[in-house]
Structure formats: C-alpha cells, structure tokens
Amino acid sequence: MEQIEYLNKYEKDLQLHLLLMLTSQGKLQGQLLESDDLAEMWDKVAPYYLQDAVKEIADYPNVALGWAMYLGMAVARYWDEDWAYYSKMNLYEVLRDKRGFDYMDEEIRQKVLGIGGEEFTNCEKLVQNCAQQVLNKIRHEQIDPQSPLAFHVFVRSIKVLYKIGASVELRALGYKFEKAN
C-alpha cells in the first residue's frame, strides 16, 4: 500500500512539474487536455510500448521515455482526424511498424503531425527536454535500478509523457478548456 501511495504521488508530482514547465513555455494553459478515448488507447497500447521501450532504457533512456510523448501526440492527432476509424487499431504497433521503434519519432513528426523544418526541430527539442526532465526526476528518486519499484516508476513516467504529448498536440490543434454557461 505504501508503494502505491508513493507511485501515485510520484506520478502526480511529475505531471504537475511538466504541466507547469510547458505552461511557462506557452505549450499548455495550466491544465491537461484529456479525453477518455485517449486514456483508453494508452491502456490498450502500453503493454506493447513497454515491451520495446524497456530494452532501450539502459542505453537510450531519453528515447525510452520520449517516444511515449510522441505516441501521445500521434494518438491525439488521430483522435482529431477520425477516431471512429483509428480507435479500432493498436496505434502504437501501426506507428512502430512503419520504420521501427528507433525511427518512430521521425515517422510521427513527418507523417502524422506533418511538420518539417524549424517546427520539426522545435518539436524534437520539446520532447527531448521533457524526457530529460523525467529522467532527472527518476534519478533524483534514487531508486535501485532494475528493481520492481524502478519498473513501476518507469511505467508511471511514460504514462505521464503520453498524456503530456496528447495534451500538447490537442492544444496545437486548437482545443482548450472554456467555461460553459
């Protein structure tokens, strides 16, 4: 029970940290943009993502973390375009299988988000910065590497990055919270 409380607090604190950072950069407006559809897609694709990402942690921790943010961006874009069609797929496998896990970032930026040039580079820097922030937070926790707790912290971290990525993309697409009358 104590470990669950720790993980819940870790996830909440990490999400708040990234939310505040991205709000200060003008990428978000103080809160996450979320939908049940996007959360359900994470539940569907997370085991497949984990299977690939865990292999990358030791040598490429920023990739293992950051690609979850790209995945969130892509899912948000698909949600906006035609969710009735895309919701039936394992979007992670679809994206990964285009060019492989290593090139999933470029595939998403070029083909899904349709960005190039400076915007392509800025998106890369944004994701790298978020992944590095998460990696710093994980290291600050001083958890024994390869322990069950380390695995659970990683799982919570990629979930947060997925949600942040989806929120950033939804904001870029023009979604925002407004007061209802």
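The structure under discussion appears in the preceding block.
Below is a short write-up of the structure.

**What about the overall build of the protein?**
Next up, step 1: In terms of regular secondary structure, the protein is built from seven helices and zero strands.
Next up, step 2: Taken from N to C terminus, the helices and strands of the protein fall in the order α-α-α-α-α-α-α.
Next up, step 3: Sequence separation of 24 or more characterises 78% of the internal contacts of the protein that already satisfy a separation of 6 or more.
Next up, step 4: Accessible surface, the protein as shown: approximately 10,000 Å² in total, 49% of it carbon and sulfur.

**Thoughts on the packing of helix α1 (residues 2-24) against helix α7 (residues 148-172)**
Next up, step 1: Where α1 contacts α7, the axes come no closer than 10 Å and their chain directions differ by 30°. Classified by chirality, the crossing of α7 by α1 is right-handed. Contacts between α1 and α7 involve Gln 3, Tyr 6, Leu 7, Asn 8, Tyr 10, Glu 11, Leu 14, Gln 15, Leu 18, Leu 19 and Leu 22 from the former and Leu 149, His 152, Val 153, Arg 156, Ser 157, Lys 159, Val 160, Leu 161, Lys 163, Ile 164 and Val 168 from the latter.

**What to know about unusual backbone geometry**
Next up, step 1: Notably, Gln 142 is not glycine yet its phi reads approximately 50°, a positive angle.
Next up, step 2: Looking at the element boundaries, Gln 142 is found in the loop between α6 (117-140) and α7.
Next up, step 3: Phi angles above zero are rare outside glycine, and Gln 146 is one such case at about 65°.
Next up, step 4: Here Gln 146 shows up in the loop between α6 and α7.

**Some points on the packing of helix α2 (residues 36-53) against α7**
Next up, step 1: Interhelical geometry of α2 versus α7 gives an angle of 130° and a closest axis separation of 11 Å. Classified by the angle between their axes, α2 and α7 sit oblique to one another. Crossing of α2 over α7 shows right-handed handedness. In contact with Leu 38, Met 41, Trp 42, Tyr 49, Leu 50 and Ala 53 of α2, α7 contributes Phe 151, Phe 154, Val 155, Ile 158, Lys 159, Tyr 162, Ala 166 and Leu 170.
Next up, step 2: Tallied by class, the residues present in the contact of α2 with α7 amount to 13 nonpolar, no polar and one charged.

**Remarks on the pattern of salt bridges**
Next up, step 1: Counted by the stated rule, this structure contains 13 salt bridges.
Next up, step 2: Of the charged contacts, one joins Asp 52 and Arg 96 as a salt bridge, the two residues approaching to 2.8 Å between their closest N and O atoms. With Asp 52 in helix α2 and Arg 96 in helix α4 (residues 91-99), this residue pair connects regions lying 44 residues apart in the sequence. Pair check on accessibility: Asp 52 and Arg 96 agree, each one buried.
Next up, step 3: With a closest N to O distance of 2.9 Å, Arg 96 and Asp 97 form a salt bridge.
Next up, step 4: We classify Arg 96 as buried; its relative accessible area is 17%.

Definitions and limits used
Residues numbered from 1 in each chain as written. Predicted model: local features only at pLDDT ≥ 70, side-chain atom pairs only at ≥ 80, totals over all residues. Heavy atoms only, no water. Helix = DSSP H or I, 4+ residues; strand = E, 2+ residues; numbered from the N terminus. Contact = heavy atoms within 4.5 Å. Areas by Shrake-Rupley, 256 points an atom, 1.4 Å probe, with all protein chains shown as cover. Axes fitted to C-alpha atoms, helices over the stretch in contact; angles between N-to-C directions. Left-handed = near helix turned anticlockwise from the far one by under 90°. Parallel < 35°, antiparallel > 145°, perpendicular 65-115°, else oblique. Nonpolar A, V, L, I, M, F, W, Y, C, P; charged D, E, K, R; others polar. Salt bridge = Lys/Arg side-chain N within 4 Å of Asp/Glu carboxyl O. Buried < 20%, exposed > 50% of the residue type's maximum accessible area, 1.4 Å probe, protein only.

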